[in-house]
Amino acid sequence: MNRSDSIASIGRALASVQAELGGVVASDCSNPMYDSSYASLTAIIGSVRNVLNRHEIALVQAPVPGNVGPW
């Protein structure tokens, strides 16, 4: 894997993404137990993926070896 001596490029790209995204992702789910609402992971990914791609940042989910939980 190649590594860079500087994070300047990714720093600028992330700052641009943050500026473009602006505020909070709209809530699309509710939790009746606490009478609250929240944004689902699907809504969050849908909101940020295009902006990240526009700034040449890939969104990846890498598998993690080992046990995920106690179940």
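To keep things clear, this report deals only with the structure shown in the data block.

Calculation notes
Residues numbered from 1 in each chain as written. Predicted model: local features only at pLDDT ≥ 70, side-chain atom pairs only at ≥ 80, totals over all residues. Heavy atoms only, no water. Buried < 20%, exposed > 50% of the residue type's maximum accessible area, 1.4 Å probe, protein only. Helix = DSSP H or I, 4+ residues; strand = E, 2+ residues; numbered from the N terminus. Expected span 1.5 Å × (residues − 1). Bend = angle between axes of the 7 residues up to and from the residue. Contact = heavy atoms within 4.5 Å. Core = buried A, V, L, I, M, F, W, Y, C linked by side-chain atoms within 4.5 Å. Patch = residues over 30% accessible without salt bridge, like charges linked within 9 Å, V, L, I, M, F, W, Y side chains within 5 Å. Areas by Shrake-Rupley, 256 points an atom, 1.4 Å probe, with all protein chains shown as cover. Salt bridge = Lys/Arg side-chain N within 4 Å of Asp/Glu carboxyl O.

### Observations regarding unusual backbone geometry
Consideration 1: One non-glycine residue, Asp-35, lies in the positive phi region at around 50°.
Consideration 2: When its relative accessible area of 74% is taken as the criterion, Asp-35 is described as exposed.
Consideration 3: We note that Glu-56 has phi near 60°; this positive angle belongs to a residue other than glycine.
Consideration 4: With respect to the helices and strands, the residue Glu-56 is situated in the segment after α2 (41–54).

### Focus on α2
Consideration 1: For α2, with 14 residues, the first-to-last C-alpha span of 20 Å sits near the 20 Å given by 1.5 Å per residue.
Consideration 2: Where α2 bends most, the angle comes to about 30°, and this point is Val-48.
Consideration 3: Ala-43, Val-48, Val-51 and Leu-52 are the residues of α2 that are buried.
Consideration 4: Contact partners of the buried residues in α2: α1 (8–21).

### Observations concerning the environment of Ile-44
Consideration 1: Of note, Ile-44 is situated in helix α2.
Consideration 2: Spatially, the C-alpha atoms of Ile-44 and Glu-56 are 18 Å apart, while their sequence positions differ by 12 residues.
Consideration 3: The contacts of Ile-44, once residues within four sequence positions are left out, are Val-25 and Ala-39.

### Topic: the nonpolar core
Consideration 1: If you look at the biggest cluster of nonpolar residues, it comprises 6 residues: Ala-13, Val-17, Val-48, Val-51, Leu-52 and Ile-57.
Consideration 2: Broken down by secondary-structure element, the contributors of at least two residues to this core are α1 and α2.
Consideration 3: By residue number, the principal contributor to this core is α2, which donates 3 residues.
Consideration 4: Those residues in contact with Ile-57 that lie beyond four places of it in its chain are Ile-10, Ala-13, Leu-14, Val-17 and Leu-52.

### A look at a nonpolar patch on the surface
Consideration 1: A grouping of Ile-7, Ile-10 and Leu-14 is seen on the molecular surface, where their side chains present a nonpolar patch of about 300 Å² in accessible area.
Consideration 2: With respect to the helices and strands, Leu-14 occurs in helix α1.

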